[in-house]
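# Observations on chain architecture
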Amino acid sequence: MSIASEIIRPKQGYKLHFVQTAKYKTNTLVWKMKAPLEKETVTLRALLPHVLQSNSRQFPTTTELRSYLDELYGASLYVDVAKKGEYHIMTFTMEIANEKFLSDPAPLLEKGFDLLTGILFEPNASGNAFHQSTIEKEKRTLKQRIQSVYDDKMRYSASRLIEEMCKGEPYEAEATGISEMVEEITASSLYEYYQKALNEDEIDFYVIGDIDATEVERLADNKLKLADRTPLKLSATQIKVEKVNDIIEHQDVKQGKLNIGYRTHITYADKEYFALQLFNGIFGGFAHSKLFINVREKASLAYYASSRLESHKGLLLVMSGIENENYEQAVSIIKEQMQAMKNGDFTDQELSQTKAVVRNQVLETIDVARGLVEILYHNVVAGTSISLDEWLEKTETTTKEEIIKAGERIEMDTIYFLTGMEGEK
Amino acid sequence: MEKILFEQLQEELFYEKMANGLDVYILPKQGFNKSYATFTTKYGSIDNHFNPPGKDSTVKVPDGIAHFLEHKLFEKEDGDVFQQFSKQGASANAFTSFTRTSYLFSSTSDFEKNLKTLIDFVQEPYFTEKTVEKEKGIIGQEIKMYEDNPDWRLYFGCIENMYYNHPVKIDIAGTVESIADITKDMLYQCYETFYHPSNMLIFIVGPVDTEETMTFIRQNQESKPFVDLPEIKRHFENEPEEVAEKKRILEMNVQSSKVMVGIKAAKTDLQGIELLKYELAANVLLDILFSKSSNHFDELYSEGLIDQTFSYDYTQEYGFGFAMIGGDTRQPDTLTDKLTAILLNSKSGEGVTEATLNRTKKKKIGSFLRALNSPEYIANQFTRYSFNEMNLFDVVTTLENLTLDDICSVADSLIKESRLTVFQVVPKK
């Protein structure tokens, strides 16, 4: 029995992915464009999806476009950018009601398809340049979006850790772009990049819902005409840690933010990834994990203390919010817990608990159409073809020895602490 | 067990009131992996002044105690309930709002075992002085996390502006000082007042066997000796109609300014279908004025006064309610003036036409369908609606029946200069 059967059809210039399921009241279309993450292009890529979703040739203003979405029973359209490993990914998502739950039987899927392809291929542009005032508005908003990271101290400290830790690597850049590079973008330079991305990016198109595969394929074949391409395959750059980097930054904050980065030298594409995932789960991924128990429950130092993986980059990242003066105690507890993990100092019960919640987490995620797409997309980024069933099976059969073995590769790289103004020289 | 059918939505809802007064609802969802269950008491941060069971005199309890109790309920003599849930492959959580405290889990296996864990841990409090003291450090950090969060400060600052007396203006987690006074005896007192089954509701969504689950809950409840409880007496001071403060500005360590314009609700004694209609109409009005398809949005966005953080919402419960409109901006005062002007002009129905109303209704119906994909949304909203004597599944019909007159009459009753307020967060000089 398969828990989600993904059908993949290679087409000219893109791959069509299709999952038929009756559990949603909506249909979901997700369009993903992937290219190497580079300092030179990241800001263009951060801006482009926002310009495209503002309007189109058919709907030249945002008001017209959004009114049409309202007419389609509040179809939602949104864009997002992310970095995964050495790649940058632009995502366009449309969710549209399945008409069988409406008293009005208008065929919504095809209309949604037309709107999405209109936004992607028929933008509001003329003479090889996007509409001028759209560009100006979206540049202004992008600058504000980049700037707003500073105001959210949890995001800010996470982002600063990566910046310090991955200095000189493409990964140091935020997926949302670099503020200083926004101004120089013009309506024609962005248009030129748009053409390049359409021709060269690796494109994956997911359609999820209670719809017929032949119908989806017919729509796709009719409406999508793309040039052939050979996308670049990159693997994560692995850097050996010479010495642990300690960074302390002072700002006017009430709570200190402690973020610690480890290099695992294991990514989603590696067979050791299953063991790493469980390592992280026992260490800090959940409310039964060592970090939660020892930093929060036993020492009362924090409200949150957890860790997560950057699966395609091979990083393990710890985050916690603590009193400024508890810095040393918190760091030493976290180090002790990491050492305990490496020594295999965890019980069979912790392991089986973690396997159960990891499994639960994956099954829950795929109950949400967008979550399902994110999980399936790991295969595209990693260049693997592991089915969900296989994935769950491998997680289940991973042994304690394999987890300890994965732990041997983990190295602490950077400790970043955002703290209050006390003690500032 | 009663079965309620929603034909257009293709959903079935099962309901039973247990002998001890507990309401139980089950919405089967085949095809989903996940089952989701919430166990909620009609007790939140605003319930800080009440008569303990059987007492003639009232007590006032420290700010933040409902939330503190929520944290402490997870701890038992033999350890932490989180551990139990994760052994059974479930992930558990809880939250406290103004009017509710909710305990929940989601799982993709061992549903009944997890359900038993949920019901039993909520119905078996275990508070000691030692664990209460330990929690003060943890919640203290939670409070500080929010103090550094400008969006939370903006939201709460705006509510504080609106209210003179109503406890909705008190931060749900309290303050480091107020939680210092909390003792185990106070926790027991609040527990005994508000955690009786007749003040609570269980909602389950997922691929579950309805009959079996209902029987299990019935037997579980029958095995526990609950004594009937007289009606809970909560006390609230009178609240003037106008806002307490017209404008306040908070300087913080931020780079972007933020503005929130609030409207204090007018008719806060509504319940049931009246409230449902009023709340939906107020939200439709805000959509007409401020959604991305509105002229106002386009104008404000083009002038660089708002960005993608711009949002708006109307919410109302018994005794309080408010609209909030705002987001990040480069010009807080200009945005404040424009938003205020748009609101005041809409009092006479400006921009509210048959065409915009119909489009907005379609959009709202579509978003409601989208929300029904989410077990979390269904369980949490259904509970909130039920505590206000409304039915979540009446939303589509109520929306379809809204008329221009309904929208205009909400605009007329809600919007008034004296009920408007603004809160701004600006960078420190």
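Just so it is clear, the structure is predicted and the values come from calculations on it, not from any experiment.

Interfaces are often sized by the accessible area lost when the parts come together. All names here are of chain A. Segmenting chain A into domains produces domain 1 (6–223) and domain 2 (245–419). Relative placement of domain 1 and domain 2: their C-alpha centres are 29 Å apart. The interface of domain 1 with domain 2 comprises 35 residues on the first partner and 33 residues on the second. Per-residue buried area on domain 1 facing domain 2 is highest for Lys84, Leu161 and Met165; these three make up 21% of the total on that side. On the surface where domain 1 and domain 2 come into contact, there are 8 salt bridges. As a salt-bridge pair, Glu374 and Lys84 come within 3.7 Å of each other at their nearest N and O atoms. Connecting domain 1 to domain 2 are 16 residue pairs in polar contact (both at pLDDT 80 or more). For the side of domain 1 that touches domain 2, the elements supplying multiple residues, two or more each, are strand E2 (14–20), strand E3 (26–36), strand E4 (76–84), strand E5 (87–97), helix H5 (153–165) and strand E8 (202–209). Considering each element in turn, the side of domain 1 that touches domain 2 owes the most residues, 10 residues, to H5.

All names here are of chain A. Reading across from one edge, E1-E2-E8-E3-E5-E4 is the order of the 6 strands in this open sheet, with mixed pairing throughout. The two strands at the open ends of the sheet, each matched to only one other strand, are strand E1 (6–11) and E4. The sheet shows a mean angle of 15° between the axes of neighbouring strands, direction not considered. For E3 and E8, the ladder comprises 7 bridges, and the chain directions are antiparallel. In the sheet register, Met33 faces E8, and the bridge partner there is Ile203. Set on the sheet, helix H12 (residues 369–382) makes contact with E1, E2, E3, E4, E5 and E8; between it and E8 the angle comes to about 150°.

The subject of this paragraph is the packing of helix H9 (residues 290–298) of chain A against helix H10 (residues 327–342) of chain A. All names here are of chain A. For the pair H9 and H10, the least separation of the axes is 10 Å and the interaxial angle reads 150°. As judged from the angle between their axes, H9 and H10 are roughly antiparallel. Crossing handedness for the pair H9 and H10: right-handed. On H10, the residues that touch Lys290, Leu291, Asn294 and Val295 of H9 are Ile333, Ile334, Gln337 and Met341. Class assignment of the residues belonging to the contact of H9 with H10 gives a composition of 5 nonpolar, 2 polar and 1 charged.

Attention shifts here to the sheet that holds strand E10 (residues 101–107) of chain B. Residue and element names in this part refer to chain B. With mixed pairing, 7 strands are arranged side by side in an open sheet as E1-E2-E3-E11-E4-E10-E9. A strand with exactly one partner marks an edge of an open sheet, and here the two such strands are strand E1 (2–6) and strand E9 (90–96). Taking each pair of neighbouring strands and ignoring which way they run, the sheet shows an average axis angle of 15°. Helix H1 (residues 65–73) contacts E9 and E10 of the sheet and is inclined by roughly 160° relative to E9. Those strands touched by helix H3 (residues 111–123) are strand E4 (35–41), E9, E10 and strand E11 (200–206), and its axis lies near 160° from that of E10.

Procedures and definitions
- Residues numbered from 1 in each chain as written.
- Chains lettered and ligands numbered in written order.
- Predicted model: local features only at pLDDT ≥ 70, side-chain atom pairs only at ≥ 80, totals over all residues.
- Heavy atoms only, no water.
- Domains from an automatic or database assignment.
- Contact = heavy atoms within 4.5 Å.
- Buried area = accessible area lost by both parts, 1.4 Å probe.
- Salt bridge = Lys/Arg side-chain N within 4 Å of Asp/Glu carboxyl O.
- Polar contact = N/O pair within 3.5 Å; in protein donor to acceptor, adjacent residues only side chain to side chain.
- Helix = DSSP H or I, 4+ residues; strand = E, 2+ residues; numbered from the N terminus.
- Pairing = 2+ DSSP bridges.
- Axes fitted to C-alpha atoms, helices over the stretch in contact; angles between N-to-C directions.
- Parallel < 35°, antiparallel > 145°, perpendicular 65-115°, else oblique.
- Left-handed = near helix turned anticlockwise from the far one by under 90°.
- Nonpolar A, V, L, I, M, F, W, Y, C, P; charged D, E, K, R; others polar.

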